[in-house]
Amino acid sequence: CIDYGEPPTLWLLTKSAWYKLLNPAPEYVELFASTRCKYDLCIRTAALLRADPLCSFEEGSPLILEPASGTEGRSYTDKELFRESGFILAQLTAAVEDEEEREEESALEQGLKGVKGSVMDVMRRKAAAVDLLKRKVSRDMGNRRERDEAQ
């Protein structure tokens with residue numbers, strides 16, 4: 001669970017407790033890497049949208065891919081951003097739904113609507129392309145399995 005407050009926090013929820021995830025033990029570093037990537041990209045995207053909801057992808061992607069000055073974290077690639085774009089969209093949509101009711105839209109909500117060429121517009125299109133590619137690969141693997149079984 002991602003808490004988008006200040007400072008943002010990553011939580012692991014179990015049936016009996018909530019655990020604040022900080023630095024993983026050495027044996028969990030590799031396992032934690034993909035979770036940390038998703039977390040970093042989500043909080044950076046949320047921060048960007050709060051600062052400039054209609055930011056273009058060209059202007060905004062460097063701010064998402066690089067850690068803010070004075071903060072910890074690693075740099076990410078466009079490929080990683082696009083791979084996680086569906087997750088980011090789902091997380092930010094859930095965050096907006098959790099916001100208190102207001103008369104005016106929040107900056108995050110405005111940013112999620114995304115005008116053509118904005119960060120969220122491009123991410124939405126990339127998420128759809130990644131999903132399409134995953135379905136095609138799954139379908140191709142299924143066809144290959146059927147051919148192999150038929151032989």
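This write-up is about the structure you can find in this document.

About the criteria used
- Residues numbered from 1 in each chain as written.
- Predicted model: local features only at pLDDT ≥ 70, side-chain atom pairs only at ≥ 80, totals over all residues.
- Heavy atoms only, no water.
- Phe/Tyr/Trp six-rings, centres within 6.5 Å; stacked < 30°, edge-to-face > 60°.
- Buried < 20%, exposed > 50% of the residue type's maximum accessible area, 1.4 Å probe, protein only.
- Helix = DSSP H or I, 4+ residues; strand = E, 2+ residues; numbered from the N terminus.
- Lys NZ or Arg CZ within 6 Å of the ring centre and 35° of its normal.
- Salt bridge = Lys/Arg side-chain N within 4 Å of Asp/Glu carboxyl O.

1. Quick notes on the packing of aromatic side chains
Right, so step 1: The final tally for this structure, using the stated rule, is two aromatic pairs.
Right, so step 2: Aromatic pair W11 and W18: ring centres 5.9 Å apart, planes at 70°, arrangement edge-to-face.
Right, so step 3: Using a relative accessible area of 24% as the deciding quantity, one classes W11 as partly exposed.
Right, so step 4: Residue classification places W18 among the exposed positions, given a relative accessible area of 54%.
Right, so step 5: Plain terms: the ring middles of F57 and F82 are 5.7 Å apart, the flat faces sit at 25° to each other, and that makes the pair stacked. Here F57 is found in helix 2 (residues 57-65), whereas its partner F82 is found in helix 3 (residues 78-83), with 25 residues between them in sequence.
Right, so step 6: When the ring centre of F87 is taken as reference, the NZ or CZ atom of K38 above it lies at 5.2 Å.

2. What about the pattern of salt bridges?
Right, so step 1: Summed over the entire model, instances satisfying the criterion amount to three salt bridges.
Right, so step 2: A salt bridge links R36 to D40; the nearest nitrogen and oxygen atoms lie 2.9 Å apart. Of the two residues, R36 and D40 both sit in helix 1 (residues 29-51), four residues apart, roughly one turn of that helix.
Right, so step 3: The buried category is assigned to D40, whose relative accessible area is 3%.
Right, so step 4: Its salt-bridge partner being R83, residue E84 comes within 3.1 Å of it at the nearest N-O pair.
Right, so step 5: Relative accessible area serves as the criterion here: at 8%, E84 is assigned to the buried category.
Right, so step 6: With relative accessibility at 43%, the residue R83 sits in the partly exposed group.

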